[in-house]
Amino acid sequence: MMAIYETLERRLSRTEEIHDGVWICLTAPNAEEVREVSCALDIEPADLRAALDPEESARISLEDGYTLIIVDIPIKVKDAGEGIYTTIPLGILLTQSLIITVCSVDTPVISDFASCRVRGFSTKKKMRFVYQILYRAATMYQQELRLIDRRRQEIEKNLTGTLRDSDLMELHGLESTLVYFATSLRANNTVLDRLTRYKRLEQYPDDMELLDDVIVEIRQAIEMTGIYRDDIKGTRELFSSILDNRLNNAMKYLTSVTVIMSLPTVISGLYGMNVNTAGMPFASSPYGFGILCGMTLVICGIVAWFLHKKHML
């Protein structure tokens with residue numbers, strides 16, 4: 001889908017023609033839309049389609065007549081649990097007169113601009129628009145990181161109850177998300193560093209202040225990612241420790257029960273031997289069976305008390 005926007009008198013409106021000062025928003029464009037923009041602005045079709053490749057890495061490239069910027073933005077994985085995200089490329093192309101954005105999905109990073117949710121936004125201020133997009137992407141990373149940490153805390157609360165396999169799988173999914181975030185944020189930070197050095201891109205003092213804010217937000221997101229990865233690693237290790245401890249307790253309990261249950265077996269086995277009954281205690285007494293059962297219960301009780309004092313039962 002292709003949409004063309006233009007800021008007129010501080011108000012964003014849609015237009016049908018490509019001219020100076022507009023913003024061309026391409027969302028999962030088809031071949032005809034790519035060809036139309038490519039022919040109208042003399043842009044390589046491969047550069048327009050670069051952001052449609054999910055494996056494309058973040059980079060900045062200076063071409064003849066335009067600049068290509070690709071950054072990674074977060075997106076929620078469909079049909080996945082809460083806090084499971086991945087990253088996809090977002091392409092930004094700057095010409096001498098207008099700006100183009102290309103993305104494979106309709107993302108809030110772009111839709112917020114189209115819905116006029118961003119203050120101080122103008123299609124005619126190209127570099128400021130770029131920095132606003134990058135700032136919006138950085139804040140989205142931070143929002144998703146807080147959701148991931150909140151979900152980790154909810155899973156951690158289940159430690160006192162029944163540990164489920166789904167909790168462990170979800171924890172692994174959160175950790176994988178943070179790996180994607182860390183890789184993408186580092187690549188975005190590299191792109192920002194290169195933006196500050198390029199003299200070809202026209203910079204204004206207000207734009208530079210916004211760029212500094214973007215760099216701060218990106219670095220903060222990188223720090224948050226590292227902290228939350230360590231938290232999830234600690235939670236996973238705690239899961240393993242608790243599972244091992246519960247297994248050890250179960251083994252101690254079963255061992256104690258086995259010891260107690262073996263006592264009646266030993267006594268009954270001795271009396272089941274084919275020997276002279278004259279040498280067997282209580283063999284000739286009419287109350288011998290009851291006496292042996294009572295003595296067996298007493299012995300089992302003493303052993304159980306001893307194991308309990310040793311915290312084995």
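Quick notes on the rules
- Residues numbered from 1 in each chain as written.
- Predicted model: local features only at pLDDT ≥ 70, side-chain atom pairs only at ≥ 80, totals over all residues.
- Heavy atoms only, no water.
- Helix = DSSP H or I, 4+ residues; strand = E, 2+ residues; numbered from the N terminus.
- Buried < 20%, exposed > 50% of the residue type's maximum accessible area, 1.4 Å probe, protein only.
- Contact = heavy atoms within 4.5 Å.
- Arc of directions from axis to C-beta.
- Polar contact = N/O pair within 3.5 Å; in protein donor to acceptor, adjacent residues only side chain to side chain.
- Core = buried A, V, L, I, M, F, W, Y, C linked by side-chain atoms within 4.5 Å.
- pLDDT = per-residue confidence, 0-100.
- Patch = residues over 30% accessible without salt bridge, like charges linked within 9 Å, V, L, I, M, F, W, Y side chains within 5 Å.
- Areas by Shrake-Rupley, 256 points an atom, 1.4 Å probe, with all protein chains shown as cover.
- Salt bridge = Lys/Arg side-chain N within 4 Å of Asp/Glu carboxyl O.
- Pairing = 2+ DSSP bridges.
- 1 Å grid on protein atoms, 1.4 Å probe; cavity = no way out; pocket = protein on both sides within 12 Å on 5 of 7 lines; lining within 4 Å.
- Points joined across faces, edges and corners; volume = space filled by probe spheres on them.
- Nonpolar A, V, L, I, M, F, W, Y, C, P; charged D, E, K, R; others polar.
- Phe/Tyr/Trp six-rings, centres within 6.5 Å; stacked < 30°, edge-to-face > 60°.
- Lys, Arg positive; Asp, Glu negative; His and termini not counted.
- Charge placed at Lys NZ, Arg CZ, Asp CG, Glu CD.

1. Some thoughts on the environment of E82
By secondary structure assignment, the location of E82 is in the loop between β5 (66–76) and β6 (85–95). Residue E82 is classed as partly exposed on the basis of its relative accessible area, which comes to 43%. Put simply, E82 and Q96 are 14 residues apart on the chain and 42 Å apart in space, counted from C-alpha to C-alpha. Setting aside residues no more than four positions away along its own chain, E82 makes contact with R151, E154, E170 and L174.

2. Some words on helix α1 (residues 31–41)
Those residues of α1 that fall on the buried side of the exposure criterion are E33, V34, V37 and S38. On an axial view of α1, the arc spanned by its buried residues comes to 130°, and they lie on one face. Facing away from the buried side of α1 by more than 90 degrees, the exposed set consists of A31, E32, C39 and A40. Elements that come into contact with the buried residues of α1 comprise β1 (2–8), β3 (22–27), α2 (45–49) and β7 (99–103). Of the residues that open α1, the one with a side-chain oxygen 3.2 Å from the backbone nitrogen of E32 is N30. Just downstream of α1 lies D42, where phi reads positive at about 55°.

3. Describing the nonpolar core
Formed by 55 residues in total, the largest nonpolar core has its most connected members in W23, I69 and Y131. Looking at this core, the element that brings in the most residues is helix α4 (residues 126–157), giving 13 residues. Counting 18 residues, the second-largest nonpolar core is a separate cluster that includes V34, I70, L93 and L98.

4. Comments concerning the confidence of the model for the chain
Overall, the predicted model of the chain reaches an average pLDDT of 85, with 95% of residues at or above 70. Highest mean pLDDT in the chain belongs to β7 (92); lowest belongs to helix α7 (residues 288–309) (84).

5. Topic: a nonpolar patch on the surface
Taken together, the side chains of V266, L270, Y271, M273, F282, Y287, I291 and M295 define a hydrophobic patch exposed on the protein surface, amounting to about 770 Å² of accessible area. Among the elements of the structure, α6 (205–271) and α7 are those that each provide at least two residues to the nonpolar patch. By residue number, the principal contributor to the nonpolar patch is α6, which donates 3 residues. Position of Y271 relative to the elements: it lies in helix α6.

6. As for the side chain of Q142
Mapped onto the fold, Q142 is located in helix α4. On the accessibility criterion, Q142 (5% relative accessible area) is buried. In this structure the side chain of Q142 is engaged in a polar contact, spanning 2.6 Å, whose partner is the side chain of E217. Aside from chain neighbours lying at most four places away, what touches Q142 is E217, Q220, A221 and M224.

7. Focus on the pairing of strand β2 (residues 11–15)
Remember that side chains alternate between the two faces of the sheet whenever the strand is regular. Sheet topology places β1 next to β2; 5 bridges connect them, and they run antiparallel. The partner of I4 across the bridge, within β2, is T15. With antiparallel pairing between neighbouring strands as the criterion, β1 and β2 make up a hairpin whose turn holds 2 residues, including E9 at a positive phi of roughly 55°.

8. Some remarks on the layout of surface pockets
There is about 210 Å³ of room inside the second largest pocket. In terms of lining, the second largest pocket is formed by T7, R10, R11, L12, C116, V118, R119, G120, F121, S122 and K125. Residues of the lining of the second largest pocket, tallied by class, amount to 4 nonpolar, 3 polar and 4 charged.

9. Description of the packing of aromatic side chains
Under the counting rule described, the total for this entry stands at 8 aromatic pairs. Aromatic pair F113 and F121: ring centres 5.2 Å apart, planes at 70°, arrangement edge-to-face.

10. Let's talk about a negative patch on the surface
Where like charges cluster on the molecular surface, the negative patch consists of D206, E209, D212 and D213. Positionally, D206 belongs in helix α6.

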